[in-house]
Amino acid sequence: MNDQHPDNVTSELQDPRPRERGQIPAWISAVIVLLCIAGGVAFLVWQMRGGGSVTETVMLSNPVDAGASARAERAARPERRTDGQRNAGRRGVLVDAAAPDGVHAGPRQSMVVKSGKTAIQVSQNNGEPVFYGYYFNLPTPAGSTELMQIRGAVLNDPTWAKTLGVSSAQLEKLRGASRGPGMVLDDADVSRLRELWKAWDLATDKSGAEKAIVAAVAEVGEKNRGATQQAMEERIAAIRAVFTPEQLAKYRSSGADTAKPATRPSAKTPPSRPTP
């Protein structure tokens, strides 16, 4: 039997291939590759979320200085609005018979030309004046106050319409009489007033233009007084014709000046008033 040297046994268990100096194990290389891939993915995500954006500091002006500058700029701009447009933006009051004759700032951003017992309200529609005339001393037709109260109650409170048995056709007719016709103006009147109004609106010296349109309002008002009175009477007659006699009687007997119809007492029991 041939004896084997112990060194020979050890050499058989070792890798017979010699290892080069400085060689990196395979598992370390794999870890390095994975780390590089993970780092690349993390960088892309960071860029997509806004990473690396440049932050710039902007110095804002002092609010007080900015406001003063804006006001100065507006003041330097030329005024292009007419006097009528400027006055229409003011809060006006309802011009009554005691007001002096002339041009006044009226309600709802309108202007009013008042002459004696006649007045014409001027509003704007797409840059053009629209006129609505009225009288301070024109007699109202008989029963007009009560009919207008009934009309308002029926249109503004559905309970009234149900209580009086007002039909949808009746309601439609009442809505058609939403506003009085005002002063009757023909085409010639409107053209005259439009020319005089524009002349006043654009005039630098208002005195002459104001006298002209005030005089025109007086003439137009006097000419159309009779036609306007007739139009008012026809309107009230049309409203009266909408209601039946039974509906008018039921309204008058139901305590119309107290509570709503649903809580009103019957016609036989007078409505009681609250104790002060």
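See the structure shown above.
Draft legend 1. How the structure looks around the packing of aromatic side chains. If you walk through the whole model with that rule in mind, you get three aromatic pairs. Taking the centre distance of 5.6 Å and the plane angle of 85° together, the rings of Tyr 134 and Phe 136 count as edge-to-face. When the centroid spacing of 4.8 Å and the interplanar angle of 45° are considered together, the rings of Trp 160 and Tyr 251 count as tilted. Within this pair, whereas Trp 160 is found in helix α6 (residues 158–164), its partner Tyr 251 is found in helix α11 (residues 245–252), the two being separated by 91 residues in sequence. Across the pair, Tyr 251 and Trp 160 agree in class, each one buried. Its end group placed over the ring of Trp 200, Lys 206 keeps NZ or CZ at 4.5 Å from the ring centre.

Draft legend 2. Region of interest: the sheet that holds strand β2 (residues 111–115). Pairing within the open sheet is antiparallel, and its four strands lie in the order β1-β2-β3-β4. Two strands bound the open sheet, and with one partner strand each, they are β1 (102–105) and β4 (128–135). With strand direction ignored, the average angle separating the axes of adjacent strands in the sheet is 25°. Sheet topology note: the strand β3 (residues 118–125)/β4 ladder contains eight bridges and is antiparallel. Among the inter-strand pairings, Val 122 is bridged to a residue of β4, identified as Phe 131. In the packing of helix α9 (residues 206–223) onto the sheet, contacts are made with β1, β2, β3 and β4, and the angle to β2 comes to roughly 70°.

Draft legend 3. Representation of the pairing of β1. Judged from the four bridges that link them, β1 and β2 form a sheet pairing that is antiparallel. Pairing of Gly 102 across the sheet is with Lys 114, part of β2. Counting the residues between successive antiparallel strands, the hairpin from β1 to β2 contains five residues, one of them, Arg 108, with a positive phi of roughly 55°.

Draft legend 4. Region of interest: the pattern of salt bridges. Summed over the entire model, instances satisfying the criterion amount to eight salt bridges. A salt bridge links Lys 198 to Glu 128; the nearest nitrogen and oxygen atoms lie 3.2 Å apart. In this pair, Lys 198 sits in helix α8 (residues 187–202) while Glu 128 sits in strand β4, placing the two residues 70 residues apart along the sequence. The partner of Arg 192 in a salt bridge is Glu 219, and the shortest N-O contact between them spans 2.6 Å. Of the two residues, Arg 192 is situated in helix α8 and Glu 219 in helix α9; the sequence distance between them amounts to 27 residues. According to the relative accessible area criterion, Glu 219 is partly exposed, its value standing at 45%. Through salt bridges with shared partners, one network takes in Glu 128, Arg 194 and Lys 198.

About the cut-offs
- Residues numbered from 1 in each chain as written.
- Predicted model: local features only at pLDDT ≥ 70, side-chain atom pairs only at ≥ 80, totals over all residues.
- Heavy atoms only, no water.
- Phe/Tyr/Trp six-rings, centres within 6.5 Å; stacked < 30°, edge-to-face > 60°.
- Helix = DSSP H or I, 4+ residues; strand = E, 2+ residues; numbered from the N terminus.
- Buried < 20%, exposed > 50% of the residue type's maximum accessible area, 1.4 Å probe, protein only.
- Lys NZ or Arg CZ within 6 Å of the ring centre and 35° of its normal.
- Pairing = 2+ DSSP bridges.
- Axes fitted to C-alpha atoms, helices over the stretch in contact; angles between N-to-C directions.
- Contact = heavy atoms within 4.5 Å.
- Salt bridge = Lys/Arg side-chain N within 4 Å of Asp/Glu carboxyl O.

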